[in-house]
Every structure is written in structure tokens, then in C-alpha cells.
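Descriptive analysis of the structure
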Amino acid sequence: MTHNVKEIFAGEAPPAPAALAAKVRTLAPSMTRSMQRVAEAVASDPAGCAALTVTGLAELTGTSEATVVRTARLLGYPGYRDLRLALAGLAAQQQSGRAPAVTADIAVDDPIADVVAKLAYDEQQTLADTAAGLDTVQLGAAVTALAAARRIDIYGVGASGLVAQDLAQKLLRIGLIAHPHSDPHLAVTNAVQLRAKDVAIAITHSGSTGDVIEPLRVAFERGATTVAITGRPDGPVTQYADHILTTSTARESELRPAAMSSRTSQLLVVDCLFVGVAQRTYETAAPALSASYEALAHRHSPRGRMR
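Note that the structure is a prediction, hence the values are computed from the model and not measured.

Strand order across the open sheet formed by five strands is β2-β1-β3-β4-β5, with parallel pairing between neighbours. At either margin of the open sheet sits one strand with a lone partner, and together these are β2 (178–181) and β5 (243–246). With strand direction ignored, the average angle separating the axes of adjacent strands in the sheet is 15 degrees. In terms of strand pairing, strand β1 (residues 152–155) meets strand β3 (residues 199–204) through four bridges, oriented parallel. Note on β3: the bridge partner recorded for tyrosine 155 is alanine 202.

Written out as C-alpha cells, the structure reads:
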């Protein structure tokens with residue numbers, strides 16, 4: 001099974017005005033350079049672009065009318081007219097007195113207070129972008145599969161491996177059998193054992209991490225339900241994913257590499273999956289969670305630690 005960007009977003013309702021910038025950030029890496037110019041123009045100056053005809057925007061960006069229309073459709077709008085309406089709505093929101101955006105660029109000589117403020121702002125923006133771009137239909141389908149799973153394997157390496165561990169321990173706390181795998185050999189060895197009713201989850205910001213794609217491919221071929229959590233909805237990992245959950249492609253910098261910027265959005269998706277599964281399996285999840293709290297309670301009490 002293969003996916004392209006058009007298939008991934010086919011059937012979705014047009015994004016709300018506030019989600020437009022998030023959509024641009026998420027999809028820009030997969031666009032042609034001419035389409036990127038159109039997307040960057042509408043995201044940076046929604047008011048100015050909302051006043052332009054399709055011909056005017058094409059001239060402004062040095063592209064063609066066909067490119068403008070294709071960009072509008074890729075962003076989730078049926079046509080340019082719908083994109084203009086969204087741009088007008090976004091411009092109105094921005095002119096309603098909201099505080100100007102804070103830049104998240106961190107310099108080597110920034111005071112620590114500025115570092116805190118910039119990172120806090122950037123992570124808030126990453127969370128907002130991820131929430132705005134997350135396909136809740138795909139999320140719901142993934143939750144359904146996880147809630148009924150016999151076994152769950154989660155693949156991730158590096159920072160994504162830490163996120164895989166986080167999801168696995170959360171699912172274990174509510175009584176599900178979940179295993180995180182960061183060793184590619186063990187991941188493939190375990191994937192071979194999967195079958196229908198099992199779920200495999202790959203976490204990769206780039207969408208092209210071979211050590212994550214290989215076990216997901218094996219799980220897919222064995223008949224397991226597969227899920228990709230990725231910042232690239234057109235990346236190679238999605239070829240083997242039944243369900244695709246897109247994270248924000250937050251801006252990177254020298255002092256804030258991809259491992260930092262991607263982790264925040266991945267953890268939000270992981271928490272959405274966990275809460276969704278806990279809701280679906282509440283009758284068994286609640287007692288399991290209580291039992292795990294009780295089993296560990298003595299480790300959190302001063303008296304218990306002295307024994």
C-alpha cells in the first residue's frame with residue numbers, strides 16, 4: 001500500500017483559518033519550490049493575499065495560476081476561492097488585537113530568562129500546530145485498533161525511541177501488552193511474530209528512518225495494523241502505515257535540533273492515543289491503573305523507602 005499527500009488529506013474538511021499556518025509548515029517540505037512560494041506567501045501575509053485574485057497571487061509569487069490552485073487543494077481547500085475566504089478569516093483574527101508572535105530563535109548569548117521564554121513559546125506553537133493538523137479520523141481508527149490489540153509493538157530510535165518508551169509504559173499501566181523497540185534487529189525479530197489483531201507503531205519525525213521503517217514493513221506484511229507517527233505525511237514510512245498521524249514540523253535551529261522540536265509534538269500524539277484507548281477500555285483500564293498505583297505506592301512514601 002502506498003500513500004501520497006493528496007490521498008492522505010482527501011476527504012478532510014477544509015482546515016480552519018487558524019490551522020492554515022500549521023498546514024503550511026507541515027506540508028511545505030513535500031511541495032515543489034513553486035508551490036512553497038505560494039504557501040509561504042499566504043502564510044506570511046494572509047490579508048494581502050486574500051485581496052488578490054488567483055492571477056494576482058500567481059504574479060506575486062512568480063508562479064502560474066495552476067500552481068496556485070494546486071497549492072490551495074494540497075492545503076485542503078476545494079479551490080482558490082475557499083483559500084481566499086480562509087485567508088480573510090485568518091487576517092481578521094490577526095487584526096483583533098492579539099499580541100504579536102515571539103521569535104523562537106535562540107542566540108548563544110541570550111540570557112537564560114529569554115531562553116525559557118523562547119522555548120516556552122516555541123513549544124506552545126508546536127503543540128498548537130500539531131493539534132490543528134492532527135487527523136482525528138485517523139486518530140480514532142488507531143485508538144480503536146490499539147484498544148482491541150492482542151499485542152502492541154512500538155518502534156523508534158534516538159529521541160523517538162524515548163517517545164516509544166513513554167507510550168509503551170502508559171499502555172502497560174492500563175493493562176495492555178506493549179513493547180518499545182529501539183534496537184533494529186530486535187524490532188524486526190519481534191515484528192515477524194505479529195499477525196492480525198496486533199498493532200505496530202513507527203515513530204519517526206523524518207519519515208525516512210530505515211531502522212524504524214523495516215520493522216513496520218515486516219509487521220504490515222504479517223497482517224498487523226500499522227500506525228505511523230511522523231512529521232512527513234509523504235515520507236517512505238507511510239507506505240506501510242494503515243493510519244498516519246502527522247506531527248508538526250517545528251522550525252529547527254543550531255541550539256534546538258530536530259530531536260528537540262519533534263519530541264514535543266510526538267508526545268502530544270502519544271498522549272492523545274493513550275487517553276483515547278483509556279476511554280475505550282475504561283472498565284479494565286481504571287482497575288489496572290489503580291493496581292499499578294497501589295503496587296508502586298510504597299516506593300513514593302518516605303517510610304516505604306526506609307524499609
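Moving on: the pattern of salt bridges. Within the structure shown, the criterion is met by six salt bridges. As a salt-bridge pair, arginine 217 and glutamate 221 come within 3.1 Å of each other at their nearest N and O atoms. Pair noted here: arginine 217 and glutamate 221 are both in helix α12 (residues 210–221), with a separation of four residues, about one helical turn. Relative accessible area serves as the criterion here: at 26%, arginine 217 is assigned to the partly exposed category. We classify glutamate 221 as exposed; its relative accessible area is 54%. Between arginine 232 and aspartate 234 there is a salt bridge, with the nearest N and O atoms lying 3.2 Å from each other. Taking the relative accessible area as the measure of exposure, arginine 232 reaches 25% and is therefore partly exposed. Bridged by salt links that share partners, the residues Asp166, Lys170 and Asp271 form one connected network.

Let's shift gears to helix α9 (residues 136–147). Given a rise of 1.5 Å per residue, twelve residues ought to cover 16 Å, and the 16 Å separating the end C-alpha atoms of α9 matches this to within 8%. For α9, the capping residue at the N-terminal end is aspartate 135, with a side-chain oxygen 2.9 Å from the backbone nitrogen of valine 137.

This part covers the confidence of the model for the protein chain. Per-chain confidence: the protein chain averages 84 in pLDDT, with 84% of residues scoring 70 or above. Mean pLDDT across the elements of the protein chain ranges from a minimum in helix α1 (residues 5–9), with 42, to a maximum in β1, with 98. Segment residues 1–11 is flagged for pLDDT under 50; beyond a separation of four residues in sequence, or across chains, it makes 23 contacts in the model. Counted against residues more than four places away or in other chains, residues 98–103, with its pLDDT under 50, gives five contacts.

What follows deals with the packing of aromatic side chains. Applying the stated criterion across every chain, the model contains one aromatic pair. The interplanar angle of 65 degrees and the centroid separation of 6.1 Å between the aromatic rings of phenylalanine 220 and tyrosine 240 together place this pair among those described as edge-to-face. You can see phenylalanine 220 sitting in helix α12 and its partner tyrosine 240 sitting in the loop between β4 (225–230) and β5, a full 20 residues away along the chain.

Cut-offs used in this document
- Residues numbered from 1 in each chain as written.
- Predicted model: local features only at pLDDT ≥ 70, side-chain atom pairs only at ≥ 80, totals over all residues.
- Heavy atoms only, no water.
- Pairing = 2+ DSSP bridges.
- Helix = DSSP H or I, 4+ residues; strand = E, 2+ residues; numbered from the N terminus.
- Axes fitted to C-alpha atoms, helices over the stretch in contact; angles between N-to-C directions.
- Salt bridge = Lys/Arg side-chain N within 4 Å of Asp/Glu carboxyl O.
- Buried < 20%, exposed > 50% of the residue type's maximum accessible area, 1.4 Å probe, protein only.
- Expected span 1.5 Å × (residues − 1).
- Polar contact = N/O pair within 3.5 Å; in protein donor to acceptor, adjacent residues only side chain to side chain.
- pLDDT = per-residue confidence, 0-100.
- Contact = heavy atoms within 4.5 Å.
- Phe/Tyr/Trp six-rings, centres within 6.5 Å; stacked < 30°, edge-to-face > 60°.

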